[in-house]
Amino acid sequence: MTSPQQPPEPHGHAHGHSHGSGHDSDPSHGHGHASGHGPGPSHGHSHSHGPAAPVSRHLRKVIAAVLIPFATAVVVGLVVLWPGGTPAHERTGVGFDRQTEQGKVVSVEQVDCRTVNAAQVPPTGDTSTPEGREAVNAQQGECEKATIEVTSGPEKGRTFVEIVQPDAPRQLHEGQGVVVAYAPDAPRDLQYSVTDVNRKLPMAVLAGIFALAVVVVGRMRGVMALVALVASFLVLTFFILPAILQGSNPLVVAVVGSSAIMLIALYMCHGLSARTSVAVLGTLISLLLTGLLGSLFIGWASLSGNTDDYTGLIHGLYPEIDMSGLLLAGIIIGSLGVLDDVTVTQTSAVWELHQADPRMGPRGLYRAGIRIGRDHIASVVNTLVLAYAGAALPLLLLFSIAQSSMGTVANSELIAEEIVRTLVGSIGLVASVPITTALAALVVSADRADADDRPGNGGRKATAVRGGRRRRAK
């Protein structure tokens, strides 16, 4: 990077060559060269490698005074709320609450649907309903008679027959892996049935491609990001979900678990530095704002959180779980991933702006950083809305078929829940930009670059070039 031309010095010749390293838990290397000849213009260039230059010891102490108590509180929360495991219960045999085994399609043959009684026409002969039309089509078509072999569990090797109707959304083929449901209390011939197909191989290949792409592009940062991703899933699987099932307050569990994920992911991916600490603080404040808004509007809009078969099953199995609290916990956890992206980007932008022009004060840094943040907000908010709309697309199609008005659609609890989730998360996301930008601008501009804070300088005061003159840092 070439510095702007400086005013000439009246006399003298100065030549400096220095190597310095400074780190805030992350090593960095800097190389500078400057020369000036009499009345001619001076020229300087610098090269920097790795993370941003470290801040002063004073600021590191201030940041540590805030983050160490926060991290301690998160650890205490994990210890106090840590579950002993998912509580046991008797299976209901409904939905996901079924005992399942692995199976394989041994053979498939075409048979006349009438010979296997795959469907029956209503006694009235009414075919005006979808059920009646499907029954007629099934009787007139060709069904598949699949022989399934159970490949896991105590009855490994047992076979059973599955009839697949011609209009079934899932067709079977020979050699295909399937998931079979087991109902021990049913008659022997009806104990096993195909409930899904085995998708482990394509999903594993896709995960491998994703991991390879992250490592190839991100290199060591990509590796650490994958490690942080695994750690996040471990916290979710072994802490958040079992703790909620054991009856702990879902909001408290979500706050503690999300904070743990945030600390692990950010510091693991971006290093133990002041810049990362500012991003952590910005994320924390934005999460608290998201939680407060979510709690207010979930109560005001009377959202129960029990809107579909899955939440109804959870409420039936564990009636002590606060479903509205579970909805709020989902909003907080869902907002965390996007907040991390925005806060880290804004903090890095402010840090780079300060390195490009150390003379910029906090107001100038904030104005420049917020201009970057506005572009980020415009794209990310649109991404959030479209992501939720895409997930609810089948439901929106049903409302469209019913020719419901927009007001009616928005007022239904199922859609209102998604609207509140989207808007609360988006407000927290938008607020994170000015919050994080202001924090980063204040921290980096208040830095006192004391030489004795950085190793290798022998305790001497470093000089800083400002306005073409070298002054001692204060």
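Counting of residues starts from 1 at the beginning of each chain's written sequence and follows it residue by residue. The model is predicted, so local features are restricted to residues of pLDDT at least 70 and side-chain atom pairs to those at 80 or more, both for listing and for counting; the totals for chains, interfaces and linings are taken over all residues. Think of the side-chain values as coming from all heavy atoms in the structure, minus any hydrogens and water.

## Some words on the side chain of serine 432
Working step 1: Along the chain, serine 432 falls in helix α11 (residues 413-445).
Working step 2: Under the relative-accessibility criterion, serine 432 is labelled buried at 0%.
Working step 3: Excluding residues that lie within four positions of it along the chain, serine 432 makes contacts with Ser286, Leu339, Val342 and Thr343. Secondary structure is summarised from DSSP: a helix means a run of H or I of at least four residues, a strand means a run of E of at least two, and numbering begins at the N terminus for each. Only protein chains enter the calculation, and the probe is 1.4 Å; a residue is then buried if its accessible area is under 20% of its type maximum, exposed if over 50%, and partly exposed in between. We call two residues in contact when some of their heavy atoms are within 4.5 Å.

## Regarding the environment of leucine 396
Working step 1: Among the structural elements, leucine 396 can be located in helix α9 (residues 393-401).
Working step 2: When its relative accessible area of 33% is taken as the criterion, leucine 396 is described as partly exposed.
Working step 3: Between the C-alpha atoms of leucine 396 and valine 409, which are 13 residues apart in sequence, the distance is 8.2 Å.
Working step 4: Filtering out sequence-adjacent residues up to four positions away, leucine 396 remains in contact with Ala389 and Ile415.

## A few points about the pattern of salt bridges
Working step 1: Note on definitions: salt bridges are taken to be side-chain nitrogens of Lys or Arg within 4 Å of carboxyl oxygens of Asp or Glu. On inspection of all chains with the given rule, the structure shows seven salt bridges.
Working step 2: In this structure, the salt-bridge partner of arginine 421 is glutamate 417, at a minimum N-O distance of 3.2 Å. One end of the pair is arginine 421 and the other is glutamate 417, both in helix α11 and four residues apart, which spans about a single turn.
Working step 3: Residue arginine 421 is classed as buried on the basis of its relative accessible area, which comes to 16%.
Working step 4: Among the ionic pairs, glutamate 418 bridges to arginine 421, the shortest N-O distance being 3.4 Å. With glutamate 418 and arginine 421 both in helix α11 and three residues apart, the pair spans about one turn of that helix.
Working step 5: Salt bridges here are not isolated pairs; linked through shared partners, they connect Glu155, Arg158 and Arg188.

## A short note on the packing of helix α7 (residues 323-356) against helix α8 (residues 362-391)
Working step 1: For helices, the fitted axis covers only the stretch in contact; all axes are lines through C-alpha atoms, and the angles between them, taken along N-to-C directions, range from 0 to 180 degrees. Running from N to C, α7 and α8 point in directions that differ by 155 degrees, and their axes come no closer than 10 Å. Between α7 and α8, the interaxial angle falls into the category roughly antiparallel. As for the relative orientation of α7 and α8, their crossing is right-handed in sense. On α8, the residues touching Val338, Asp341, Val342, Thr345, Gln346, Ala349, Val350, Leu353 and His354 of α7 are Leu365, Ala368, Gly369, Ile372, Gly373, His376, Val380 and Leu384.
Working step 2: Asp, Glu, Lys and Arg are counted as charged, while Ala, Val, Leu, Ile, Met, Phe, Trp, Tyr, Cys and Pro are counted as nonpolar; the rest, among them Gly, fall into the polar class. Classifying every residue of the contact of α7 with α8 gives 10 nonpolar, six polar and one charged. Should an angle lie under 35 degrees it is considered roughly parallel, over 145 roughly antiparallel, and from 65 to 115 roughly perpendicular; all remaining angles are considered oblique. Note on convention: near helix rotated counterclockwise from far helix by under a right angle means a left-handed crossing. Clockwise means right-handed.

## Some points on the nonpolar core
Working step 1: By convention a nonpolar core is built from buried Ala, Val, Leu, Ile, Met, Phe, Trp, Tyr and Cys residues, the set being connected through side-chain atoms within 4.5 Å. Phe70, Phe239 and Val280 are the most contacted members of the largest nonpolar core, which totals 56 residues.
Working step 2: Looking at this core, the elements with two or more residues in it are α1 (57-81), α3 (200-245), α4 (250-270), α5 (274-300), α7, α8 and α11.
Working step 3: Among the elements that line this core, the one with the most residues is α7, at 11 residues.
Working step 4: Setting aside anything within four residues of it in sequence, one finds phenylalanine 70 in contact with Ser259, Met262, Leu263, Val280 and Leu284.
Working step 5: Grouped together as the second largest cluster of nonpolar side chains are 12 residues, Val105, Ala146, Val178 and Val194 included.

## Here's the deal with a nonpolar patch on the surface
Working step 1: A contiguous nonpolar surface patch, about 430 Å² in accessible area, is contributed by Trp82, Val230, Leu234 and Phe238.
Working step 2: Looking at the element boundaries, valine 230 is found in helix α3. Residues form patches when they are more than 30% accessible in relative terms and have no salt bridge. Like charges link within 9 Å. Nonpolar side chains (Val, Leu, Ile, Met, Phe, Trp, Tyr) link within 5 Å. In short, Shrake-Rupley with a 1.4 Å probe defines the accessible areas, and a residue's cover is counted only from the protein chains shown.

## Concerning the environment of leucine 395
Working step 1: Here leucine 395 shows up in helix α9.
Working step 2: Judged by its relative accessible area of 22%, leucine 395 falls in the partly exposed class.
Working step 3: In sequence terms leucine 395 and valine 409 are 14 residues apart; their C-alpha atoms lie 9.9 Å from each other.
Working step 4: Ignoring anything within four residues of it in the chain, the contact list for leucine 395 reads Leu414 and Ile415.

## Overview of the sheet that holds strand β6 (residues 159-164)
One key point about sheets: their strands pair by backbone hydrogen bonds, in either a parallel or an antiparallel sense.
Working step 1: Strand pairing is defined by DSSP finding a minimum of two bridges between the two strands. Taken together, the five strands give an open sheet; going across it, the order is β6-β5-β4-β7-β8, and neighbouring strands pair in antiparallel fashion. Unpaired on one side and paired on the other, β6 and β8 (192-197) mark the two borders of the sheet. Sheet twist, expressed as the average angle between the axes of neighbouring strands with direction ignored, equals 45 degrees.
Working step 2: Bridge count between strand β4 (residues 99-112) and strand β7 (residues 177-182): six bridges; the pairing is antiparallel. What sits directly across from glutamate 101, in β7, is valine 180.

## Remarks on the packing of α5 against α11
Think of two packed helices as two axes; the pair is described by the angle between the axes and how far apart they sit.
Working step 1: Between α5 and α11, the shortest axis-to-axis distance is 8 Å and the interhelical angle comes to 150 degrees. When the axes of α5 and α11 are compared, the pair comes out roughly antiparallel. Relative to α11, α5 is oriented so that their crossing is right-handed. On α11, the residues that touch Val278, Leu281, Gly282, Ile285, Ser286, Leu289, Thr290, Leu293, Gly294, Phe297 and Ile298 of α5 are Val420, Val424, Ile427, Gly428, Ala431, Ser432, Ile435, Thr436, Leu439, Ala440 and Val443.

## Brief notes about the packing of aromatic side chains
Working step 1: Ring geometry is summarised as follows: Phe, Tyr and Trp rings, the Trp one being its six-membered ring, pair when their centres sit within 6.5 Å, and such pairs are stacked at plane angles under 30 degrees, edge-to-face over 60 and tilted between the two. For the structure shown, the criterion picks out four aromatic pairs.
Working step 2: What links up through ring pairs into an aromatic cluster is the set Phe160, Tyr182 and Tyr192.

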